[in-house]
Amino acid sequence: MVRSHKTCGNRTVDVRATNAKLVARAFSLVQDVTGAASAEVQAALDASDGE
C-alpha cells in the first residue's frame, strides 16, 4: 500500500467503503485527518460516493 501511495501516515486511505464497518472507518479517518465537523465529513463522503 505504501508503494502505491495509498497511505497517510500509518493509515490506508484509498479504500472503498462497501459495508458498515468500512463506512464508519472512512468517517473517522476523514474526521481525524481533516479535523472537520461531522456534518462536513458526512457531506464529503456522500459527495464522493464513499471513496
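Whatever comes next refers back to the structure up there.
Residues numbered from 1 in each chain as written. Predicted model: local features only at pLDDT ≥ 70, side-chain atom pairs only at ≥ 80, totals over all residues. Heavy atoms only, no water.

K.L.:
Summarise helix α1 (residues 20–34); cite the residues concerned and give the values.
P.N.:
Relative to the 21 Å expected for 15 residues at 1.5 Å per residue, α1 spans 21 Å between its end C-alpha atoms, a close match to the ideal helical length. For α1, the full list of buried residues reads L22, A26 and L29. Projected down its long axis, α1 shows its buried positions confined to an angular sector of 70 degrees, all on one face. Structural note: α1 exposes A20, K21 and D32 on the side pointing more than 90 degrees away from its buried face. If you follow the buried residues of α1, they end up packed against β2 (11–12) and α2 (38–47). For α1, the capping residue at the N-terminal end is N19, with a side-chain oxygen 3.1 Å from the backbone nitrogen of K21. In the segment just after α1, G35 is the residue with positive phi, at about 75 degrees. (Helix = DSSP H or I, 4+ residues; strand = E, 2+ residues; numbered from the N terminus. Expected span 1.5 Å × (residues − 1). Buried < 20%, exposed > 50% of the residue type's maximum accessible area, 1.4 Å probe, protein only. Arc of directions from axis to C-beta. Contact = heavy atoms within 4.5 Å. Polar contact = N/O pair within 3.5 Å; in protein donor to acceptor, adjacent residues only side chain to side chain.)

K.L.:
How would you explain the environment of S28 if you had to name every residue and give the values?
P.N.:
Counting through the fold element by element, S28 comes out in helix α1. Take S28: its relative accessible area is 33%, and that puts it in the partly exposed class. Taking C-alpha positions, S28 is 9.2 Å from S38, a pair spaced 10 residues apart along the chain. Of the polar contacts made by the side chain of S28, one reaches the backbone oxygen of R25; its length is 3.1 Å.

K.L.:
Residues and numbers for the nonpolar core, please.
P.N.:
The biggest cluster of nonpolar side chains holds 5 residues, and these are A17, L22, A26, V41 and L45. Every residue in contact with A17, bar those within four places of it in the chain, is listed here: L22, V23, A26 and G50. (Core = buried A, V, L, I, M, F, W, Y, C linked by side-chain atoms within 4.5 Å.)

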